[in-house]
Amino acid sequence: MEELVVTIVNYLMTGPEYQTFCKCEKCRKDIIALSLNTLPNHYVTTAEGRERIIEQLNTTENRKWINKRIISAIHVVGKYPQHQ
Ligand SMILES: [Zn+2]
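Residues numbered from 1 in each chain as written. Predicted model: local features only at pLDDT ≥ 70, side-chain atom pairs only at ≥ 80, totals over all residues. Heavy atoms only, no water.

In the annotation of an unreviewed UniProt entry, the entry for the chain reads Competence protein ComFB, and the organism field reads Peribacillus saganii.

So, in structure tokens, the structure goes:
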């Protein structure tokens, strides 16, 4: 899940929609942490396990749901950044 969230956060932050949001390392990490707190963990120990989970999570329905949580995390961090 963390891998997926990092990829999506990096992707979203480069988009025109989030141009006005701070993209520093601190905010990016806060967004990732906040998103992960609201998403279930999927720990895996093998490469096959990882493939299976990614396949499971990578459906249109799940991506929509994951994106929604990440977007709300971007807005929370954008509104209350943990730095000046
Ligand atoms: Zn920042």
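A. Just the coordination of the zinc ion, in detail. The zinc ion binds to the protein through C22 (SG), C24 (SG), C27 (SG) and H83 (NE2); the donor distances cover 2.0 to 2.3 Å. In this structure, the zinc ion is surrounded by four donor atoms whose angles at the metal cover 90 to 121°, and the resulting shape is tetrahedral. Within one chain, the residues donating to the zinc ion are spaced in sequence as C-x1-C-x2-C-x55-H. For C27, a relative accessible area of 1% gives the class buried. (Donors = N, O, S within 2.8 Å, 3.2 Å for Na, K, Ca; no water. Tetrahedral: all angles 85-135°; square planar, octahedral: opposite > 155°, others 65-115°. Buried < 20%, exposed > 50% of the residue type's maximum accessible area, 1.4 Å probe, protein only.)

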